[in-house]
Amino acid sequence: MLSRVAERLYWMSRYLERTEDTARIVSAYNHLIMDLPKGAEPGWDIMVQILDAEPYFHQRFRSVNEQNVLKLLVADDGASCSIPYSIEAARENVRTTRDVLPEETWELVNELSLFVREVAPNSVGRRNRHAFLAEVISRCQTINGLMASTLTRDHAYSFIKVGRLLECADMATRMVDVGAGDIMDRDGSTSAFDPLLWGAMLQALSAGSAYRRQVGPLVDRNAVVNFVFLDTAFPRSVKFCMQGIGQELGRLTNHEEPLRAVGRVWRRLNRLTKEDMTQAELHAFIDDFQQQLNQLHAAIEEAWFRVASA
Amino acid sequence: MEESWKTYRSEGFFDESMTPRGNPRAAANQAIKFLHSLAPDELASRRVAAELAIKEMGISFTVYTEGGNIDRAWPFDFIPRIITSREWSQLSLGLLQRMRALNCFIDDIYNEQKILADGIVPAEIVLDSNNYLEPCAGVKPAFGVWAHVCGSDIVRDHKGQFFVLEDNLRVPSGVSYMIENREITKRVLPELFENYSILPLDDYPLKLYQTLAALSPRARRRPNIVVLTPGIYNAAYFEHAYLAHGMGAELVEGSDLFVGEDDCVFMRSVDGPTRVDVIYRRINEDFMDPEAFREDSVVGVPGLIRSWKAGRVAIANAPGAGVADDKVIYAFVPDMIQYYLKEKPLVKNVPTYLCMREKDRDYVLSNLDKLVVKPANESGGYGIMVGPHSTKETHKKFARLIEKNPRNYIAQPTLSLSTAPTYVDGSIQPRHLDLRPFILQSKDSWVTPGGLTRVALQKGSLVVNSSQGGGSKDTWIVEGDA
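Residues numbered from 1 in each chain as written. Chains lettered and ligands numbered in written order. Predicted model: local features only at pLDDT ≥ 70, side-chain atom pairs only at ≥ 80, totals over all residues. Heavy atoms only, no water.

### A word on the nonpolar core
The cut-off we apply is this: Buried Ala, Val, Leu, Ile, Met, Phe, Trp, Tyr and Cys residues that are joined via side-chain atoms within 4.5 Å together make up what is termed a nonpolar core. Note on classification: 1.4 Å probe, protein chains only; a residue is buried when its accessible area is under 20% of the maximum for its type, exposed when over 50%, partly exposed between these limits. Secondary structure counts use DSSP, requiring at least four H or I residues in a row for a helix and at least two E residues in a row for a strand, with both numbered from the N terminus. The contact criterion used is simple: two residues touch if any of their non-hydrogen atoms lie within 4.5 Å.
Membership of the largest hydrophobic core comes to 185 residues, with the highest contact counts inside it found for A:M47, A:F229, B:F105, B:I106 and B:M336. Looking at which element gives the most residues to this core, the answer is helix α8 (residues 155–185) of chain A, with 16 residues. When residues no more than four places from it in sequence are discounted, the contact partners of B:M336 are B:A101, B:L102, B:F105, B:I115, B:I329 and B:L341. Listed in part, the 60 residues of the second largest apolar core include B:W74, B:I179, B:V227 and B:Y280.

### Considerations on the sheet that holds strand β7 (residues 250–252) of chain B
Sheet strands pair via backbone hydrogen bonds, and the direction of the pair is either parallel or antiparallel. All names here are of chain B. In plain terms, the rule: Any two strands with at least two DSSP-identified bridges between them are counted as paired. Note on geometry: axes are C-alpha line fits, over the in-contact stretch for helices, and angles between N-to-C directions span 0 to 180 degrees.
Pairing is parallel in the open sheet, where four strands are placed in the order β7-β6-β11-β12. Two strands in the sheet have a free side with no partner beyond their single neighbour: β7 and β12 (314–316). Within the sheet, the average angular offset between the axes of one strand and its neighbour, ignoring direction, is 25°.

### Notes on helix α6 (residues 175–188) of chain B
All names here are of chain B. Defined as follows: Expected helix span is taken as 1.5 Å per residue step, with the number of steps being one fewer than the number of residues.
Here α6 is 14 residues long and its end C-alpha atoms lie 20 Å apart, about the 20 Å a rise of 1.5 Å per residue gives. With 11 of 14 residues buried, α6 is to be regarded as a mostly interior element. Considered for burial, the residues of α6 that qualify are V175, S176, Y177, M178, I179, E180, N181, R182, I184, T185 and V188.

### What about the interface of chain B and chain A?
Formally: Defined in terms of a 1.4 Å probe, buried area is the accessible area two parts forfeit on being brought together, summed over both. By convention in these notes, a salt bridge is any Lys or Arg side-chain nitrogen within 4 Å of a carboxyl oxygen on Asp or Glu. In protein, a polar contact means a hydrogen-donor-capable atom and an acceptor-capable atom, both N or O and within 3.5 Å, with residues adjacent in sequence counting only if both atoms are side-chain atoms; elsewhere, any N or O pair within 3.5 Å suffices. Under this grouping Gly is polar, as are all residues other than the nonpolar Ala, Val, Leu, Ile, Met, Phe, Trp, Tyr, Cys and Pro and the charged Asp, Glu, Lys and Arg.
Taken together, the contact pairs 20 residues of chain B with 18 residues of chain A. Both sides together, the interface formed by chain B and chain A hides about 1800 Å², and carbon and sulfur atoms give 49% of it. If you sort the residues of chain B by the area they bury against chain A, B:I232, B:R268 and B:V270 come out on top, with a joint share of 35%. Across the chain B-chain A interface, the total number found is two salt bridges. A salt bridge links B:D256 to A:R4; the nearest nitrogen and oxygen atoms lie 2.4 Å apart. At the boundary of chain B and chain A, one finds nine residue pairs in polar contact (both at pLDDT 80 or more). If you list the elements that add at least two residues to the side of chain B that touches chain A, you get α8 (237–247), β7, β9 (265–269) and β10 (272–275) of chain B. The residue inventory of the side of chain B that touches chain A, partitioned by class, reads nine nonpolar, four polar and seven charged.

### A few points about the pattern of salt bridges
Here the structure, examined in full by the defined rule, presents 46 salt bridges over all chains. A salt bridge links B:E253 to A:R4; the nearest nitrogen and oxygen atoms lie 3.4 Å apart. Of the two residues, B:E253 is situated in the loop between β7 and β8 (257–259) and A:R4 in helix α1 (residues 3–35); the pairing between them involves two chains. Across this residue pair, the class does not change: B:E253 and A:R4 are buried.

In structure tokens form, the structure reads like this:
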């Protein structure tokens, strides 16, 4: 497979995952605010923080409020975490690789992009928001399902899977970092709502029901952090993602460096003990972990996307 | 029943499906009878079905406009054009003969230049042409073949006789549309296929694969073949992807390839550099290699020509093949057939006046209102003047152009192009058409059974180019006589 094609498939998959993840975060937060009394909800900017879009947001908007944050995430096509931007980027990458994908892939991605372009501007307000987000999530899942059930297990599949898992792991760690920080920073007066907040976070990771079955209905920080990072059966846990990435990369030639990077991530995961970490320690851990993920991405890029003229 | 069949007449032209009295010709009889039996709303619904099929199958082409590029749905008329296999076999032999002679010519020009020495073709029109590429001199491609894929434009006159209008030897396009047209017809008029045996078309990608594989410099069971495209913004990108997909070959852009120190061509793949054996290039030759030709080319591969000359990679069509794709050279093809093959041409050329010849030029300048004037070196129907349909102003403009640069212009009589029944504005009307069959040659040679029929959808118009509002039809070669 051509490096250029592999790279586009990888990014197509990352952006598709990002589209779904952003939709999930907004959707979960949307539920949360209706359950909390005024003043007890996290600030709107928490989503901007999770999605790492602060500089862009402040360039574009003056004040942090519901309208502006939703505008950014749902309808702005300039922020690389927004739904319109992500799906458009996914579409551009499929457009030039459609011949290695199942035939309906292009059609579905194209239709989703047309849908977002048409409906997103009217979905910023609370009234249409939910239906729009639900539709985006469901269509992303259709596309992933199509690829999972019909794509030949060759190079194309490997790069698509790696892209999706890496994006998923990246998003999960960022969400825990910002989410846990916000919850732990709150003063005691609102701690009655903590379970709701943790629940919303699990929902945003679509980990709600899996967590309840695996761990039980009680939610607290350590249990959530452990579940999201280390559960071996939940397919969106960081550990599960890293396992999948390691497997796929091992099937490709020239995998030495990228596998070493996976190993480094893996060792850090195992260092995450079940004992109590302070919030500062958790933050430092995730910060370092994110850097390791970035290095893994760089190693993949170097090994397969930048084939030099020998 | 649609009434317009009753009054259908193609006055003064040869109609391929109907006789001058308005009866179906023998080969078209079954099809016309069936179409005749359809009520007007039924005909309209077939048209809608065709449009839907085109949209679903994603058949599109790109049109360049001032406002950017637009992907347009492929314009298609669902009434097939029917040609008998007897008429066809004669034409296809003529096309193979022509292709052989053209390849002898190109090989001769870049090597011995016998035809110039013998004075059959004037040396200056070949060697002074922009299409003659100095760096290609002395190269001996496999089987002496330079043009491996040729798309020849064929027209029929008022008697139904076939003529070659031009030979496209650089990067002829349209073959994917030819195949897709058949697929659309199968969906839209499935009933018609019951009573006809029609020569199938869909093995073209296989034949192309065999033609290209035979060129591989390495003996391998499955040589590495790539289709080189300028990218997604090219008008024919759909076709590039279609052919790559059909051959199971990689669709590459210039930046995916590089030439190594051993002069071999490699593609950048996830398994590391992978050697390429054959390049089916769909970019113009002057953009292929910034080292050899245009330095400003960003879609080419530096060193590609070096590799090709060293015999490390095969390129189809070979760089330099365009030397025979020139409307002035075209006029000499019948002479080439005599000279190289010692045969009589089986298909005729359209009579052609070369403005570089004083006698011809005088005739052209005093008969501009009767002639079609064409620049020697344009494609896509650009820069053409159809005398009888042009104003006095345009005649004057072309007279100036010709006098300024006579080598660059030829003229031909305005042909009475044949017509076929076409569904326009809810009724059946005669429209002019041409035909582009594709000829392949390397170790073996082959002609597509039929070709891409293009039809001028405007009443009376002779311009069939899709970039200028032309449409297309499925083309059937059927058993039986006319």
